[in-house]
Amino acid sequence: MNIREKSASEQELIVEHFRGCLAERSLQVGDRLPTETEICQQFDASRYTVREALRRLQDLGLIERRQGSGSVVISTSELHRFTSSITSIPDLMQYAEETRLDILFADTIIASGKDEEIYGIPPKSIWRKFYALRHDADNNLISYSEILVPEAFAGALSKVQGRREPIFARIEAEYGVRIAKVRQKMTASVADPNVKNRLMIEQGQSVFVVRRIYESADGEMVEVSLNYHPADSFSYNIIMERS
């Protein structure tokens, strides 16, 4: 087992220990967890490993880490939170395979200047625009998505309805194009009336918006997606390594 695998295993052990304590009610709301030093000693783990385990407990909505007063239990039931770790095209494949896309309806648009600003598509270009919801394996709503494909590729969308398959992979299979690059942009915004209704959240609530532009080897735009996630139930992990 290498150092990274050992750290991940120790993190899991610590997380499961405290989840067990909460399930058995030996820890209650308002209780403080042992200090980082005490947890390090109890599990013979590094401070980094302990901090990552505590961060995961915080992401689950179970504890709150307070400056100067340690980690405090704020709930004994876990908050549903979808965590995305998409950093490559194979990751996008896996993401689609682990979730389900439900297309609500579609229309055809001729791109305006506003569409260029929002989606990054050229003005006056013609696109088939799909409105969809994405759910995880437990049928929890992850995102509301607006997906645009050139009219010539629109037939691929009907074949991914309700399935665990990436749209771009179906376009590749159906039309013989190959995705060579995905441009990803992440921004914070607030829910407008349409997004509010789709995600069943309050108008003005914070949302995390991920725009992806899929390009072929010759630079042609093959797909554009704009994905809205409720900010309080979504996180995005990026791991950077020195080469």
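Residues numbered from 1 in each chain as written. Predicted model: local features only at pLDDT ≥ 70, side-chain atom pairs only at ≥ 80, totals over all residues. Heavy atoms only, no water.

### A word on unusual backbone geometry
Although it is not a glycine, D44 sits at a positive phi angle of roughly 50°. As for its placement among the helices and strands, D44 is situated in the loop between α2 (36–43) and α3 (47–59). The exposure class of D44 is exposed, given its relative accessible area of 65%. (Helix = DSSP H or I, 4+ residues; strand = E, 2+ residues; numbered from the N terminus. Buried < 20%, exposed > 50% of the residue type's maximum accessible area, 1.4 Å probe, protein only.)

### Focus: the pattern of salt bridges
Across all of its chains, the model carries 10 salt bridges by this definition. For R100, the salt bridge is made with D102, and the minimal N-O distance between the two is 2.9 Å. In this pair, the class of R100 matches that of D102, namely buried. The residue E215 makes a salt bridge to R183 at a minimum N-O spacing of 2.8 Å. Pair noted here: E215 is in strand β8 (residues 206–216) and R183 is in strand β7 (residues 179–190), with a separation of 32 residues, a long-range link. (Salt bridge = Lys/Arg side-chain N within 4 Å of Asp/Glu carboxyl O.)

### Overview of the packing of aromatic side chains
On inspection of all chains with the given rule, the structure shows 4 aromatic pairs. Centre to centre, the rings of F105 and Y131 are 4.4 Å apart; their planes meet at 20°, and the pair counts as stacked. In this pair, F105 sits in strand β4 (residues 100–110) while Y131 sits in strand β5 (residues 126–135), placing the two residues 26 residues apart along the sequence. Judged by relative accessible area, F105 falls into the partly exposed class, the value being 37%. A residue is classified by how much of its surface remains accessible, and Y131, at 11% relative accessible area, is buried. On the numbers, 5.3 Å between centres and 25° between planes, the contact of F168 with Y214 is stacked. Remark: Y214 occurs in strand β8 and F168 occurs in helix α6 (residues 167–175); sequence separation between them is 46 residues. There is no split in this pair, since F168 and Y214 are both buried. (Phe/Tyr/Trp six-rings, centres within 6.5 Å; stacked < 30°, edge-to-face > 60°.)

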